[in-house]
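For reference, the chains in residue letters:
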Amino acid sequence: MKKECSIVRDVLPLYFENMVSEDTAAFVKEHLESCPDCAAEFESLKSGRQIDQAETPQRKFDANVITAFKKKIAKKILKIVAVVCLVFAVLLSALLLYTGISYPVTKDNISLSTKTDNGYHYIILETKAGKSLYFNSKTEDILNDQNEVCGQKITLYNLQYHNNFNFTKNAKPMSWGIPLNGERQYMEMIIDLENDTLRISTAE
Ligand SMILES: [Zn+2]
């Protein structure tokens, strides 16, 4: 490489940036016109810088694309979360509605029976499967003619059915027991329904 070329190559970047004196610029320009090697070097320097300059907006564009993409994903996630929440809300309200609905209890929904087992009289109340029975109850002593306690009377009232998720064929029966050799000799149950009154006694 000629000495002149070497000098020109050193100042080429500065020449490109217009950071050389007028004399130097004139010298470099003249050399480039007569030296294809240095002219080629200058061209490659120019195109390299152009790529550099072009890269910045490209990066900005990439960043914008990534930001837009992130926003899109965030929106999608938000959408999914919203849908999941909605589904849960619907399921929960369906569940509450299903279990919250109460039905009037009719005498067809329940059956009463008595049983003597292991020293006890029992009154057994069987209910429809898949339904929960709610009620209030009160227990009173039954007195005989001599004003002595001879039995026990249980009254169920405000009976309501609610749905539950126990779909087994046979609902678990409820039972009330009284000892055979106790002070109270028998037990009576009165069930106050809206239009009916059911009655059963262990004495019968
Ligand atoms: Zn040269």
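Residues numbered from 1 in each chain as written. Predicted model: local features only at pLDDT ≥ 70, side-chain atom pairs only at ≥ 80, totals over all residues.

A.B. asks: Is there a simple way to explain the pairing of strand β2 (residues 110-117) in this structure?
C.D. replies: In terms of strand pairing, β2 meets strand β3 (residues 120-127) through 8 bridges, oriented antiparallel. Bridge pairing in β3 links K115 to Y122. Connecting β2 to the next strand, β3, in antiparallel fashion are 2 residues, including N118 with a positive phi near 55°. (Pairing = 2+ DSSP bridges. Helix = DSSP H or I, 4+ residues; strand = E, 2+ residues; numbered from the N terminus.)

A.B. asks: Please explain helix α1 (residues 3-16) as it appears in this structure.
C.D. replies: The periodicity of an α-helix, 3.6 residues per turn, causes residues three or four positions apart to be oriented the same way. Its 14 residues give α1 an end-to-end C-alpha distance of 20 Å, which sits within 8% of 20 Å, the value for a rise of 1.5 Å per residue. The sharpest bend along α1 measures roughly 40° and falls at D10, with the proline P13 sitting one to four residues further on. Among the residues of α1, V8, L12 and Y15 are the ones counted as buried. With its phi angle positive at about 60°, N18 sits one or two positions after the end of α1. (Expected span 1.5 Å × (residues − 1). Bend = angle between axes of the 7 residues up to and from the residue. Buried ≥ 20, exposed ≤ 12 C-beta atoms within 10 Å, placed from the backbone.)

A.B. asks: Is there a simple way to think about unusual backbone geometry in this case?
C.D. replies: A negative phi angle characterises most non-glycine residues, just as the trans form characterises most peptide bonds. The backbone phi angle of N18 is positive, close to 60°, even though this residue is not glycine. Position of N18 relative to the elements: it lies in the loop between α1 and α2 (22-34). Positive phi values are uncommon outside glycine, yet N158 reaches one of about 55°. Summarising the element assignment, N158 is placed in strand β5 (residues 149-163).

A.B. asks: Just checking my understanding: could you explain α2 for this structure?
C.D. replies: Here α2 contains 13 residues, and its C-alpha end-to-end distance of 19 Å stays within 8% of the 18 Å for a straight helix at 1.5 Å per residue. Sparse coverage of α2 is indicated by the burial of 1 of its 13 residues.

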